[in-house]
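Structure assessment
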Amino acid sequence: ARALTPQTAETDAIRFLVGTQSLRYDNQIHIIDFDDENNIINKNVLLHQVGEIWHISTSPADKGVLATCYNKTSDTKVMTCAAVWRMPKELESGSHESPDDSSSNTQTLELLCHLDNTAHGNMACVMWEPMGDGKKIISLADNNILLWDLQESSDKAVLSSSTALEGKGQLKFTSGRWSPHHNCTQIATANDTTVRGWDTRSMRQIYCIENAHGQLVRDLDFNPNKQYYLASCGDDCKVKFWDTRNVTEPVKTLEEHSHWVWNVRYNHSHDQLILTGSSDSRVILSNMVSISSEPFGHMVDDDELSDQEDQHQEEKIKEPLQDSVIATYEEHEDSVYAVEWSSADPWLFASLSYDGRLVINRVPRALKYHILL
């Protein structure tokens, strides 16, 4: 497996979706519900009969709707296609008990529509408009950016605009993220060693970070609280943080992994917490507090302090907090292809390795209280 996503529209129950990559069997989407109080994982399985799943993303507005990018094999070639699906009604919201006999109980996804890419090439990923009503999606296909409008019942996707990456050679997007800032009018894409920003209204490039990494850029993520900050990671084993207003140099670079870094994710609530997953089989949780929205810690109300504390507090405030690695998780024995924060619990995250092992972890309690108190 290499595809993992939180169920974005589910903000009460802790739920992740995993897509499988089996050559021999029908592929599946596993709905993983984590019962936080009892530390139990419940699982439901949906059949995804069209092919191995390379990417999965969920609607921000509708718990039942998701998109997958999958391989479709014909006699002569393999094509990566994308489609929008609906899960069965009774599985839409989280916190289900697992059926006792799951083998007899496999259900199938309902196809809502294909994102037709016959003219555009292989689909790399599908992104939903982050704050939207779940009707706008962007797909990256080879060197094309395609903006789709889903109709009312999502059973038809209309291509509303597109643009292509021009240049020498076989240009292909590897990944992209839709920015939650600027009224959701910007996306960032990665192709080869370059990161580009685009305006979704004009479909024009607005910034370009050439040679962002020494090798292929694998993933991107936007800081949820600071509108110009973007993280990237890649095959040079590095994670870099950029201010898109000045792209000549990264603001910070993390060099903790010893192999390709597949995934980088900002915590949605506390933007100093950064998750990365790599082919070195490790997941690393970092505290990038110096470039977060609270580089000096929480503001403390003057009234709450006595005189003695007051002086001490002033000394403390001048000093920005230090960046550090909080924890390295080594539960995986294979390449970690995906890490994701839960959309319901900001202190909980999941990681997925190629051997199909999904691990759920929490931010260490001491750090959680340090951030909160």
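Residues numbered from 1 in each chain as written. Predicted model: local features only at pLDDT ≥ 70, side-chain atom pairs only at ≥ 80, totals over all residues. Heavy atoms only, no water.

**Here's the deal with the overall build of the chain**
Counted only if it meets this: Secondary structure elements follow DSSP: runs of H or I no shorter than four residues count as helices, runs of E no shorter than two count as strands, and numbering proceeds from the N terminus. Values of the radius of gyration come from C-alpha atoms, whereas the globule rule sets the reference at 2.2 Å times the count of residues to the power 0.38. Burial classes: relative accessible area under 20% of the type maximum marks a residue as buried, over 50% as exposed, and values in between as partly exposed (1.4 Å probe, protein chains only). The contact criterion used is simple: two residues touch if any of their non-hydrogen atoms lie within 4.5 Å. Asp and Glu are treated as the negative residues and Lys and Arg as the positive ones, with His and the ends of the chain left uncounted. By convention, the point assigned to a charge is CZ for Arg, NZ for Lys, CD for Glu and CG for Asp.
Assigned secondary structure in the chain consists of two helices and 28 strands. The C-alpha radius of gyration computed for the chain amounts to 21 Å, which stays within 12% of the reference 21 Å derived for 373 residues, consistent with globular compactness. Structurally, the chain occupies a C-alpha span of about 75 × 55 × 40 Å along its principal axes. With 373 residues in all, the chain has 53% of them scored as buried. Across the chain, every contact between residues at least 6 apart in sequence was considered, and the portion connecting residues at least 24 apart equals 50%. Charged side chains in the chain number 32 positive and 56 negative. The centres of these two groups are separated by 7 Å.

**Observations concerning the sheet that holds strand β13 (residues 157-164)**
Sheet strands pair via backbone hydrogen bonds, and the direction of the pair is either parallel or antiparallel. Defined as follows: Any two strands with at least two DSSP-identified bridges between them are counted as paired. Every axis in this analysis is a line fitted to C-alpha atoms, fitted for helices over the stretch in contact. Angles between the N-to-C directions lie between 0 and 180 degrees.
Spatially, β10-β11-β12-β13 is the arrangement adopted by the four strands of the open sheet, whose pairing is antiparallel. A strand with exactly one partner marks an edge of an open sheet, and here the two such strands are β10 (123-128) and β13. Strand-to-strand twist of the sheet, defined as the mean angle between neighbouring strand axes without regard to direction, takes the value 20°. Taken together, the five bridges between β10 and strand β11 (residues 136-141) define a ladder with antiparallel strand orientation.

**Notes on the sheet that holds strand β7 (residues 78-86)**
Pairing within the open sheet is antiparallel, and its four strands lie in the order β5-β6-β7-β9. Edge positions in the open sheet fall to β5 (53-58) and β9 (110-115), since each of these has one partner strand only. Ignoring strand direction, the axes of neighbouring strands in this sheet form an average angle of 30°. Looking at chain direction, strand β6 (residues 65-73) and β7 are connected through nine bridges and run antiparallel. Bridge pairing links Lys72 to Met79 in β7.

**Re the domain arrangement of the chain**
Put simply, the rule is: For the domains described, the bounds stem from an automatic or database domain assignment. As used here, buried area is the combined drop in accessible area, with a 1.4 Å probe, of two parts when they are placed together. By salt bridge we mean one thing: a side-chain nitrogen of Lys or Arg within 4 Å of a carboxyl oxygen of Asp or Glu.
Domain assignment breaks the chain into domain 1 (1-92 + 106-164) and domain 2 (167-293 + 318-372). The centre of domain 1, based on its C-alpha atoms, is set 21 Å off from the matching centre of domain 2. Listed per partner, the contact involves 40 residues of domain 1 and 37 residues of domain 2. With both sides pooled, the region where domain 1 packs onto domain 2 buries about 3,000 Å², and carbon together with sulfur makes up 72% of that total. A salt bridge links Arg362 to Asp36; its shortest N-O distance comes to 2.7 Å.

**Focus: the pairing of strand β3 (residues 27-35)**
The element β3 is extensively covered by neighbouring structure, given that seven of its nine residues are classed as buried. The sheet contact formed by strand β2 (residues 14-19) and β3 spans six bridges and is antiparallel. Each residue of the ladder has a partner; that of Leu17, found in β3, is Ile31. For β3 and strand β4 (residues 40-48), the ladder comprises nine bridges, and the chain directions are antiparallel. Counted as the bridge partner of His30 is Val45 from β4. As consecutive antiparallel partners, β3 and β4 are separated by four residues, and within that stretch Asn39 has a phi angle of approximately 55°, a positive value.

**Quick look at the side chain of Ser175**
Note the following rule: Here a polar contact means two N or O atoms within 3.5 Å. Within protein one must be a hydrogen donor candidate and the other an acceptor candidate, and residues neighboring in sequence count only if both atoms are side-chain atoms.
Along the polypeptide, Ser175 turns up in strand β14 (residues 173-178). Judged by its relative accessible area of 7%, Ser175 falls in the buried class. In terms of polar contacts, Ser175 uses its side chain to reach the backbone carbonyl oxygen of Arg218, at 3.2 Å. Beyond its immediate stretch of four places on either side in the chain, Ser175 contacts Cys125, Leu140, Ala188, Thr189, Ala190, Arg218, Asp219 and Leu220.

**Observations regarding the UniProt feature "repeat: WD" (unreviewed entry) in the chain**
Put simply, the rule reads: UniProt positions are given in the numbering used here, feature names are shortened, and annotations may be inferred rather than shown by experiment.
Mapped onto this structure's residue numbering, the UniProt feature "repeat: WD" (unreviewed entry) falls at residues 210-246. What you have in residues 210-246 is 0% helix and 46% strand, and the ends, taken at the C-alpha atoms, are 12 Å apart.

**Description of the side chain of Ser232**
One can find Ser232 in strand β19 (residues 229-234). Polar side-chain contacts of Ser232 include one of 2.7 Å to the side chain of His213. When sequence neighbours within four positions are dropped, the list of residues in contact with Ser232 reads Val195, His213, Val217, Asp219, Leu220, Lys238, Val239, Lys240, Trp242 and Val264.

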